[in-house]
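# Report on the structure
Below are the chains, spelled out letter by letter.
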Amino acid sequence: MDQSCLLVCPAMANLSDASGVITSPFYPRYYPDDQNCMWDIVASNGKHLKLEIEKTTNIQQCNQCNCDYLDVQYGFDSSGNPSEKICKELRETVTYYSLKDRLRVQFHSDNMHTFIFMGFRAVYTQLESNPRSKYQEWTYLHQKGYKVHITLVTCVHPWNLKPKVCMCGLSFATPFV
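Right, let's walk through the structure included here. Fair warning: this is a prediction, and the values are worked out from it, not measured in the lab.

Rules behind the numbers
- Residues numbered from 1 in each chain as written.
- Predicted model: local features only at pLDDT ≥ 70, side-chain atom pairs only at ≥ 80, totals over all residues.
- Heavy atoms only, no water.
- Disulfide = S-S within 2.5 Å.
- Buried < 20%, exposed > 50% of the residue type's maximum accessible area, 1.4 Å probe, protein only.
- Helix = DSSP H or I, 4+ residues; strand = E, 2+ residues; numbered from the N terminus.
- Pairing = 2+ DSSP bridges.
- Axes fitted to C-alpha atoms, helices over the stretch in contact; angles between N-to-C directions.

### Some remarks on the state of the cysteines
Overall, the coordinates contain three disulfides when judged by the stated rule. What pairs with Cys 62 in a disulfide is Cys 67, and their sulfur atoms sit 2.3 Å apart. One quick way to see it: the torsion about the S-S bond of Cys 62 and Cys 67 is about 125°, and its sign makes the bridge right-handed. Both residues of the pair, Cys 62 and Cys 67, count as buried. A sulfur-sulfur separation of 2.0 Å characterises the disulfide bridge that pairs Cys 65 with Cys 87. Judged by the sign of its S-S torsion, about -80°, the cystine formed by Cys 65 and Cys 87 is left-handed. In this pair, Cys 65 sits in the loop between β4 (48–53) and β5 (69–73) while Cys 87 sits in the loop between β7 (85–86) and β8 (94–98), placing the two residues 22 residues apart along the sequence.

Below is the structure:
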């Protein structure tokens, strides 16, 4: 049977347990081609998430992660860098923290028929608060109806405890004329 026709992972799984494990299909055996797995992990009210991608991760490496990849969204790593695609063999565990109460994880494999990569295993855990970030929001209303909304997330590096801005947002709204 042609393995490229098997869809063995969730198109969108919603996870809300206090902790859990997600893996690429058939982990630790080789993962199949033509997969697009998606997990939406949501923490309880006011909590954050920690996702640890184990050092046993081995995903096909190609130019700009266009072939196979693991993509973590809505978070940042333990150094304060925004989360990004992974398409390589990890040498150490990589930890991501959610900006708010959600992380989305996507695993994608193309149709190149390689069947020689193990994929990944990741453990998620809900945290009472995010030990590495502070999320702040402000909204300013001008007397003429203009509205400015600012979002700022500061992150702390684990080795020097010096905060830095790891993500920010700014939006404007004008009154209807």
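### So, the sheet that holds β8
Read from one edge to the other, the open sheet built from five strands follows the order β2-β10-β4-β8-β6, with strand pairing classed as antiparallel. The sheet terminates laterally at β2 (19–23) and β6 (75–77), the two strands that pair on one side only. Put simply, the sheet's adjacent strands are angled 25° from each other on average, direction ignored. Pairing of β2 with strand β10 (residues 121–127) involves five bridges; the strand directions are antiparallel. Each residue of the ladder has a partner; that of Ile 22, found in β10, is Ala 122.

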